[in-house]
Amino acid sequence: MKGSSNKKKVISSNPKVLLCTAYRRFPGDYLDYVGENVYLTPRVSFKRKASPGLRFLKQNVPEIETLEFPLWHQYVRKLKEGWDVVGFSFFENEIAEVARMADEARRQGVRELWAGGYGALDEAIPRMVDRVFVGAAEDQVAQAFGRRVPQDQIQHPVMTWPLAFEPGSIPYLVIGLLYTERGCPFKCTFCQTPVFDRHRFNINIESIERVVRHYHKRGITDILILDEIFGISPQFADKLTLILARYKMRWWAQSRAALFLRHLDTWYERGLRFPLIGVETMSQRSLDSISKSQKLEEALELVRRTREKPGMYRMVYYMIGYEHETVESTLEDVRSLKSVGFDAHQVNIITPFPKTPLWSDIQKNYGIFDRTYRHYDAKYLVWNHPHISASAMHYLLNTTIATLNKPFDIYGKGFARLIRERFASDGLRFIWRDVIKAPSVAATFNHRRQVFP
Ligand code: B12
Ligand code: SF4
């Protein structure tokens, strides 16, 4: 079967299918996108309380049941309801938890196990489950119920994550999520997207508009577009940004510097305020070594041009551990990035992920010494770097994060500037929208329930 490996058993034509994420090891065990990159409190948190993969599957194949980030006892209790199929959606760093979940499902007599999501690219997975799904799977899952979901009819689900103040998880903002394009035409050596999502396509725009309308009705003012390269399909992006403008959304988007530069003025007018780009390094040699197909000047120009636009907050992805770098050259690179003046940084250690060109290159040239799944969250050195030891890399990561994301710079300067600029441009509307309405909506919002507008 296309896109999946198969040790298929005979299951009924109307099977009971349960799809889960990895379990939470303790109640607060949600991946916190900000907490991984800012060490001190007070700070904001941004917790992954909904799984985009499972939300898409449930929206398009309502016959399935989904279970997002259960605690272990909740998972075991759910298994007891009796299922023909139990499937898991996970990242590489969650494989140990999923292995334990698979054992428990087998122990309880589940007849068929499935795996999907990026973690399913790992070579251990086909031994763990009966069926591995690679790439978008709405259509394949629907086929288990005798239906088809063509690519152009995939419906977008509602999914939100909370932005809160820590300590205390005090709710501040509900962020509505969008994921509008699968696949990528670039071939950065560290990235799994080109091998995972081989077919590029856009999600049905009418269904996206329905979701944005729902966010608006629920009082949501901010949207994060999770796409890796938003704007790669210009006509689609044009339609989508017009929808966002119509509902007066303030939006965040991940894309490449060149695409932001091309569309900056229009997108800014239509509500773009939080651009996220992969700067990756301040060295063109390092950029070229990962085939990023990006010029350093593009990122620098983006900082210059966005600085002129009030209310913008610029975040970057940055990696350390390029093969020719040393401790000294890395610290120099970090200083150079700091001087450019982005507002916040996500810092990762270059990590080989299965089936990427980087994975085979590193295995061939240096060797991978650490196969602890939990260490594949891009915060550990898992391979034999020629110039930097694992402990030195650990020190470098901490120093880099502490230097780039000083709370005073991120909040003291960055947020204070945002508040000033929003107040200057929106006046009392800013007070209503950002100080009164947003926290009130956030205080009562249930992120865990999937709704179908
Ligand atoms: C949004 C995103 C995130 C979100 C979380 C998203 C999530 N799903 O939980 C955040 C920002 C938190 C995040 C964090 C990280 N991410 Co990330 N992220 C992405 C991104 C851009 C989109 C993923 C997404 O939500 N897609 C939308 C949904 C709808 O698609 P999907 O998950 O693929 O699901 C579909 C199919 O896979 C399938 N499916 C999924 N599960 C299942 C299960 C079954 C049983 C079946 C049948 C089918 C199925 O059906 C779904 C519908 O079609 C991808 C790149 C990309 N282009 O996809 C990287 C990506 C997944 N991330 C990646 C990485 C490296 C990370 C980090 C390690 C980096 C870092 N340090 O920040 C961390 C993880 C940290 C941690 N501690 O866990 C890597 C791969 C990771 C891996 N193999 O483990 C990717 C591929 C990017 C890359 N450049 O290579 N990420
Ligand atoms: S890092 Fe981004 S641009 Fe590069 S291949 Fe992956 S998704 Fe495409």
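Here's a quick rundown of the structure. On a predicted model such as this, the values are computed, not experimentally measured, just so you know.

Calculation rules
- Residues numbered from 1 in each chain as written.
- Chains lettered and ligands numbered in written order.
- Predicted model: local features only at pLDDT ≥ 70, side-chain atom pairs only at ≥ 80, totals over all residues.
- Heavy atoms only, no water.
- Helix = DSSP H or I, 4+ residues; strand = E, 2+ residues; numbered from the N terminus.
- Rg over C-alpha atoms; globule rule 2.2 N^0.38 Å.
- Contact = heavy atoms within 4.5 Å.
- Areas by Shrake-Rupley, 256 points an atom, 1.4 Å probe, with all protein chains shown as cover.
- Lys, Arg positive; Asp, Glu negative; His and termini not counted.
- Charge placed at Lys NZ, Arg CZ, Asp CG, Glu CD.
- Phe/Tyr/Trp six-rings, centres within 6.5 Å; stacked < 30°, edge-to-face > 60°.
- Buried < 20%, exposed > 50% of the residue type's maximum accessible area, 1.4 Å probe, protein only.
- Lys NZ or Arg CZ within 6 Å of the ring centre and 35° of its normal.
- Axes fitted to C-alpha atoms, helices over the stretch in contact; angles between N-to-C directions.
- Parallel < 35°, antiparallel > 145°, perpendicular 65-115°, else oblique.
- Left-handed = near helix turned anticlockwise from the far one by under 90°.
- Nonpolar A, V, L, I, M, F, W, Y, C, P; charged D, E, K, R; others polar.
- Pairing = 2+ DSSP bridges.
- Near = heavy atom within 4 Å.
- Polar contact = N/O pair within 3.5 Å; in protein donor to acceptor, adjacent residues only side chain to side chain.
- Domains from an automatic or database assignment.
- Core = buried A, V, L, I, M, F, W, Y, C linked by side-chain atoms within 4.5 Å.

Further remarks concern the overall build of the protein. From N to C terminus, the protein includes 16 helices and 16 strands. In summary, the protein has a C-alpha radius of gyration of 22 Å against a globular reference of 22 Å for 453 residues, a match within 12%. Structurally, the protein occupies a C-alpha span of about 60 × 55 × 45 Å along its principal axes. Relative to all contacts within the protein whose residues are 6 or more apart in sequence, the contacts with residues 24 or more apart total 73%. On the protein, roughly 19,400 Å² of surface is accessible, and the fraction owed to carbon and sulfur atoms is 55%. Put simply, the protein has 65 plus and 50 minus side-chain charges, and the middle of one group is 5 Å from the middle of the other.

Before going further, it helps to examine the packing of aromatic side chains. The relative placement of two aromatic rings is captured by the distance of their centres and the angle of their planes. Scanning the entire structure with this criterion turns up 19 aromatic pairs. When the ring of W72 is compared with that of Y75, the centres are 5.6 Å apart and the planes differ by 50°; the resulting orientation is tilted. With W72 and Y75 both in helix α2 (residues 72-79) and three residues apart, this pair spans about one turn of that helix. The class for Y75 is buried, based on a relative accessible area of 0%. With a centroid separation of 6.3 Å and 70° between ring planes, the pair formed by F353 and Y376 is classed as edge-to-face. Here F353 is found in the loop between β16 (344-349) and α13 (357-365), whereas its partner Y376 is found in the loop between α13 and α14 (390-404), with 23 residues between them in sequence. With a relative accessible area of 18%, F353 lands in the buried category. Ring pairs connect the aromatic residues Y33, F46, W161, W252, F274, Y313 and F415, which therefore count as one cluster. If you follow K16 out to its NZ or CZ, it ends over the ring of W83, 4.5 Å from the centre. Sitting above the plane of the Y376 ring, R371 keeps its charged end 5.3 Å from the centroid.

This brings us to the packing of helix α9 (residues 257-269) against helix α11 (residues 296-307). Each packed pair of helices is defined by two parameters, the angle between the axes and the distance between the axes. It is the contact of α9 with α11, at a shortest axis distance of 9 Å, that shows an interaxial angle of 30°. If you check the angle between α9 and α11, you find them roughly parallel. Of the two elements, α9 crosses α11, and the hand of that crossing is left-handed. In this structure, α9 uses A257, A258, F260, L261, L264 and D265 to contact α11, whose residues at the interface are E298, A299, E301, L302, R305 and T306. In terms of residue class, the contact of α9 with α11 is built from seven nonpolar, one polar and four charged.

Quick look at the sheet that holds strand β8 (residues 160-166) now. Hydrogen bonding along the main chain pairs the strands of a sheet, whether they run parallel or antiparallel. In space, the eight strands of this open sheet follow the order β3-β8-β9-β12-β13-β14-β15-β16, with mixed pairing throughout. Sheet topology places β3 (43-46) and β16 at the edges, where each strand pairs with a single neighbour. The mean angle between the axes of side-by-side strands here comes to 25°, regardless of whether they run parallel or antiparallel. Judged from the five bridges that link them, strand β13 (residues 250-255) and strand β14 (residues 272-280) form a sheet pairing that is parallel. Within β14, the position partnered with S255 by the bridge is I277.

Moving on, we get to the site of ligand 1. Around ligand 1 sit 40 residues, and of these S89, E92, Y118, E138 and Q192 come closest. Taking Q192, its side chain carries an N or O atom lying 2.5 Å from a nitrogen atom of ligand 1. At 2.9 Å, a side-chain N or O of N348 approaches a nitrogen atom of ligand 1. In terms of residues, the shell around ligand 1 owes the most to one element, helix α1 (residues 52-60), which gives four residues. Here the shell around ligand 1 is built from residues that sort into 21 nonpolar, twelve polar and seven charged. When residues are assigned to domains, the shell around ligand 1 turns out to be shared by domain 1 (4-153) and domain 2 (179-405), each giving three or more.

Looking now at the nonpolar core. Within the largest apolar cluster, 117 residues are counted, with the highest numbers of intra-cluster contacts made by L178, V212, Y215, I223, L244, W251 and I277. Each of domain 1 (4-153) and domain 2 (179-405) gives at least three residues to this core. With near-sequence residues (within four places) excluded, L244 lies in contact with L178, V212, I223, I225, M249, W251 and R270.

What follows covers the site of ligand 2. Around ligand 2 sit C184, F186, C188, F190, C191, P194, E228, I229 and R256, and that is every residue in its neighbourhood. A breakdown of the residues in the shell around ligand 2 according to their chemical character gives seven nonpolar, no polar and two charged.

Note that all results are geometric; they support no functional claim without further evidence.
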